[in-house]
Amino acid sequence: MNNIVIKVEGLSKRYHIGAKHKAYQTFREALSDAVTAPFRKVAGLLRGQATAAAGMHEIIWALKDISLQINTGEVVGIIGRNGAGKTTLLKILSRITEPTEGYAEVHGRMGTLLEVGTGFHQELTGRENVYLNGSILGMRRGEIDNKFDEIVAFAEIEKFIDTPVKFYSSGMQVRLAFSVASHLEPEILLVDEVLAVGDASFQRKCLGKMGDVAEAGRTVLFVSHNLVAIQRLCSRVIWLDEGEIVEDGQSGEVVSNYLKMYSSTQKEQKWSDMNTAPGNDSVRLRRACVHPEDGTSDDQITVRMPFLIEFEFWNLVPDSNIRINIMLITEHGITAFSSSPYQEMIWNGNPLPIGLFRSACHIPGDLLNAGLHRVMIRVVKNNRYIIYRSEDILSFDVHDSSDEQVTYFGGRAGAVRPILKWTTELLDRG
Amino acid sequence: MNRRNSTTVDLPTIIIKPSRGWVSLKLREVWEYHELLYFLTWRDIKVRYKQTVLGAAWAIIQPFFTMVVFSLFFGRLAKIPSDGVPYPIFAYAALVPWTFFSQGITQSANSLVGSANLIKKVYFPRLVIPIATILSGVVDFVLAFIVLLLMMFYYGISPTVNVLFLPLLLLLALVTALGTGLWLSAMNVQFRDIRYTVPFLAQFWMFASPIAYPSSLLSEPWRTLYGINPMVGVVEGFRWALLKTDTAPGAIIIVSSLAALVLLFSGAFYFRRMEKTFADVV
């Protein structure tokens, strides 16, 4: 079964930065550009710039000389930071966009799940949308007829199938859309971050479905930021960065190298200049820091130790009712918990005057598991609007405690590692 | 069923590489996606008059009231000749195919931009989108045409055997609309000016076609040359086939058909050439 289904050789894709502006360019701009371009080129040459170098900063290569082969039945994960070229690769393989250079060969019918719900029309009923969406994804009418009941049952919306989808909740729409897409039976399935939607139980169902697809011997290419899902589903992982393959190999290995690369800890950050600090017109950060309850950010944090996550920020709008919300993410990409000052609105429940504030979240000992943690922060205004968010403000290691009796080998399983009360009673002496 | 078995036996191979210069039309692929074409057309028909009070009546109101206005100003006041038939039906017989055409180019011009999220997320031959938009207009055409038949009954005009040519004349209107729509939709992806140009273009084109006046105002050979505007052939053809206007427009229709084919093929090639940039630019 080691047939090559996807063969990619020297694939590159160039984008012009500012393509957004290009999209809305007017005849006038195009005309004046066409008229002045030769003059600017000549001027550039006179100033001694090579034409290529002069235009260089306007161009980015989303993919640079990618070569790879994928065999039948392989489930391959693609990881990388935002803008690494993952989606571009899928878009080229699915023929949505053309490569600038290079060559690729795909054997077999290909199905793409680039975004759930593409092509749903709000005015049409669920039933009509199943047919429309199915045919957009490349299913034949007979195929949709055969699977219709299955699709509806999987989405759990039997009762509403003849209701226009504009009356559906967003969760229902997502379920129906994923259900249609997952009943596609191509030889090759390209999936881009579809699991970021839906509630936990539905996500589990989706993962199960993808697992089925893989077991049926079909080839899957799976782009995701969810490293847990990647490790669970994929045997092979390709790590892209800045359009190039960094590593291509066995999934556990690549994922752990990837994590090591991006997980240098950052336990304190300071921004002295208010104008360049992260934030916006309403709020700007001055300092963020993780440190043990009685120590500084240089001290280690162990699993037993209570510690603080602290923020100093400027509030720039008078009487603003803002709240900071933090999320702690483990190295497996699981959110250990999120927290907001519910009990005490950030400043004794009063709206904040303009000024510099410090708030701290107190995290007790014996809660987190050992390993790397990232802190995500969101600033919410009037309990409704997220006015600022950042994914990588702080990261820190939680170490195993040396005074802990080591009664186990390796780590303890779980996103968190609380010490819980147990009771044992003798009920009947045998 | 047959088809799916065969795909599992010998897998289709897709070659992906940058295309250069002029590319083939890949009409066979468009045919392979005919079910998608069907569903998109059906969707456009289905949602066209959703949440409107008058619904499909709009398909009749537009040409009908234009006819009323034309009859008052051009027929009554300006006394424009109408090839020997009552002016209202003279104008309406032209407005029915004209409305089909102008709606077709307006909607297809915006069709690609309107389907941006489809284009960015799924592969299919992009030609399907403007084609579906134009085809969905046929339903409106049929509704307006029924009113035309009622008017003929009212005026006591009975159709002749020339009516058999009507499907071909409709096809000519369709080809003209599609050719224009392909140009406009592909250009609209790059230049959003098109969106603002189309209403103006449609209006200009209407007065450049013999809707409110007969082409017989022109003498030969100018009248035949006038057929370079394919809508001249369509409009005069409709009048000839239905109302038996005495000037058989044979030569005009030949000129118009050739012009329409040039429009269609140039539009299709331009569209295919620009197609590779759609997903990146739209």
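Since we're looking at a predicted model, the values are computed, not measured.

**A word on the overall build of chain B**
When its secondary structure is counted, chain B shows 13 helices and one strand. Tracing chain B from N to C terminus, the helices and strands come up as α-β-α-α-α-α-α-α-α-α-α-α-α-α. The principal-axis extents of the C-alpha atoms in chain B amount to approximately 65 × 45 × 40 Å. Within chain B, buried positions represent 46% of all 282 residues.

**Considerations on the overall build of chain A**
Per the secondary structure count, chain A includes ten helices and 18 strands. Split into buried and exposed, the 430 residues of chain A put 34% on the buried side. The long-range share in chain A, meaning contacts at least 24 apart out of those at least 6 apart in sequence, stands at 71%.

**A word on the interface of chain A and chain B**
Chain A puts 43 residues into the contact, and the matching count from chain B is 31 residues. Every element with two or more residues in the side of chain A that touches chain B is listed here: α1 (19-23), α2 (27-46), α4 (86-93), β4 (101-107) and α5 (126-136) of chain A. Counting residues per element, the side of chain A that touches chain B draws most heavily on β4(A), at six residues. Its residues placed into classes, the side of chain A that touches chain B shows 19 nonpolar, twelve polar and twelve charged.

**Observations concerning the sheet that holds strand β10 (residues 268-270) of chain A**
All names here are of chain A. Strand order in the open sheet formed by four strands is β10-β11-β13-β16, with antiparallel pairing between adjacent strands. Of all strands in the sheet, those bounded by a partner on one side alone are β10 and β16 (355-363). Ignoring which end each strand starts from, the neighbouring axes of this sheet average 20° apart. As defined by bridge partners, strand β13 (residues 307-315) adjoins β16 across nine bridges and the pair is classed as antiparallel. Within the sheet, the bridge partner assigned to glutamate 312 lies in β16 and is arginine 358.

**Describing the sheet that holds strand β15 (residues 335-339) of chain A**
Residue and element names in this part refer to chain A. Overall, mixed pairing links the five strands, which are arranged β12-β18-β17-β14-β15 in an open sheet. This sheet does not close on itself; its edge strands, each paired only once, are β12 (301-302) and β15. Sheet topology places strand β14 (residues 322-330) next to β15; four bridges connect them, and they run antiparallel. Directly across from leucine 328, in β15, lies its bridge partner phenylalanine 337.

**Overview of the domain arrangement of chain A**
Residues and elements named next belong to chain A. As assigned here, chain A comprises domain 1 (62-262) and domain 2 (268-399). Computed over C-alpha atoms, the centres of domain 1 and domain 2 are 34 Å apart. Of the residues lining the interface, four residues belong to domain 1; the matching set on domain 2 comes to four residues. Of the residues in the side of domain 1 that touches domain 2, the class split is three nonpolar, one polar and no charged.

**A word on the packing of α5(A) against helix α3 (residues 34-48) of chain B**
Where α5(A) contacts α3(B), the axes come no closer than 9 Å and their chain directions differ by 140°. Regarding the angle of α5(A) to α3(B), the classification is oblique. Of the two elements, α5(A) crosses α3(B), and the hand of that crossing is left-handed. Seen from α5(A), the contacting residues are A:Tyr131, A:Leu132, A:Ser135 and A:Ile136; seen from α3(B), they are B:Glu35, B:Leu36, B:Phe39 and B:Arg43. In terms of residue class, the contact of α5(A) with α3(B) is made up of five nonpolar, one polar and two charged.

**So, helix α12 (residues 230-243) of chain B**
Residue and element names in this part refer to chain B. The terminal C-alpha atoms of α12, which comprises 14 residues, lie 20 Å apart, in line with the 20 Å expected from a rise of 1.5 Å per residue. Within α12, 14 of the 14 residues are buried, leaving the element largely enclosed by the surrounding structure. Phi turns positive, to about 60°, at lysine 244, one or two residues after α12.

**Structural notes on the environment of A:Val375**
All names here are of chain A. Here valine 375 is to be found in strand β17 (residues 371-381). You can call valine 375 buried: it has 22 C-beta atoms within 10 Å. In contact with valine 375, other than residues within four places in its own chain, are Ile309, Ile326, Leu328, Ile393, Leu394 and Ser395.

**Focus: helix α10 (residues 251-262) of chain A**
Residue and element names in this part refer to chain A. Spanning twelve residues, α10 covers 17 Å between terminal C-alpha atoms, matching the ideal 16 Å at 1.5 Å per step. All buried positions along α10 are accounted for by Ser251, Val254, Val255 and Tyr258. When α10 is viewed along its axis, its buried side chains cluster within an angular range of 95° and face the same direction. Those residues of α10 that are exposed and angled more than 90 degrees off the buried face are Gly252, Glu253 and Lys260. Among the structural elements, β3 (75-79), α9 (227-233), β8 (236-241) and β9 (244-250) are those in contact with the buried residues of α10.

**Quick look at unusual backbone geometry**
In this structure, A:Glu242 is a non-glycine residue whose phi angle is positive, near 50°. With 15 C-beta atoms counted inside 10 Å, the residue A:Glu242 sits in the partly exposed group. In this model, B:Lys79 sits at a positive phi of 50°, which is unusual for a non-glycine residue. Structurally, B:Lys79 can be placed in the loop between α4 (58-77) and α5 (87-109).

**Notes on the environment of A:Tyr15**
Following the sequence through the fold, A:Tyr15 ends up in strand β1 (residues 4-16). Ignoring anything within four residues of it in the chain, the contact list for A:Tyr15 reads A:Ile60, A:Ala62 and B:Asp280.

**Points about the confidence of the model for chain B**
Residue and element names in this part refer to chain B. Across chain B, pLDDT averages 87, with 95% of residues at or above 70. Every residue in residues 1-9 is under pLDDT 50, and counting partners more than four places away or in other chains gives two contacts. What the predictor reports for the complex is a pTM of 0.72 with an ipTM of 0.81.

**Observations regarding the nonpolar core**
The biggest cluster of nonpolar side chains holds 144 residues, and the ones touching the most others in it are A:Phe222, B:Ala91 and B:Ala93. In terms of residues, this core owes the most to one element, α5(B), which gives 14 residues. Sequence-distant contacts of A:Phe222, that is, excluding residues within four places in its chain, are made with A:Val75, A:Val76, A:Gly77, A:Ile78, A:Val191, A:Ile230, A:Leu233 and A:Cys234. Among the nonpolar cores identified, the runner-up in size contains 27 residues, and A:Leu328, A:Ile329, A:Leu368 and A:Tyr388 belong to it.

Conventions and cut-offs
Residues numbered from 1 in each chain as written. Chains lettered and ligands numbered in written order. Predicted model: local features only at pLDDT ≥ 70, side-chain atom pairs only at ≥ 80, totals over all residues. Helix = DSSP H or I, 4+ residues; strand = E, 2+ residues; numbered from the N terminus. Buried ≥ 20, exposed ≤ 12 C-beta atoms within 10 Å, placed from the backbone. Contact = placed C-beta atoms within 7 Å. Nonpolar A, V, L, I, M, F, W, Y, C, P; charged D, E, K, R; others polar. Pairing = 2+ DSSP bridges. Axes fitted to C-alpha atoms, helices over the stretch in contact; angles between N-to-C directions. Domains from an automatic or database assignment. Parallel < 35°, antiparallel > 145°, perpendicular 65-115°, else oblique. Left-handed = near helix turned anticlockwise from the far one by under 90°. Expected span 1.5 Å × (residues − 1). Arc of directions from axis to C-beta. pLDDT = per-residue confidence, 0-100. Core = buried A, V, L, I, M, F, W, Y, C linked by C-beta atoms within 7 Å.

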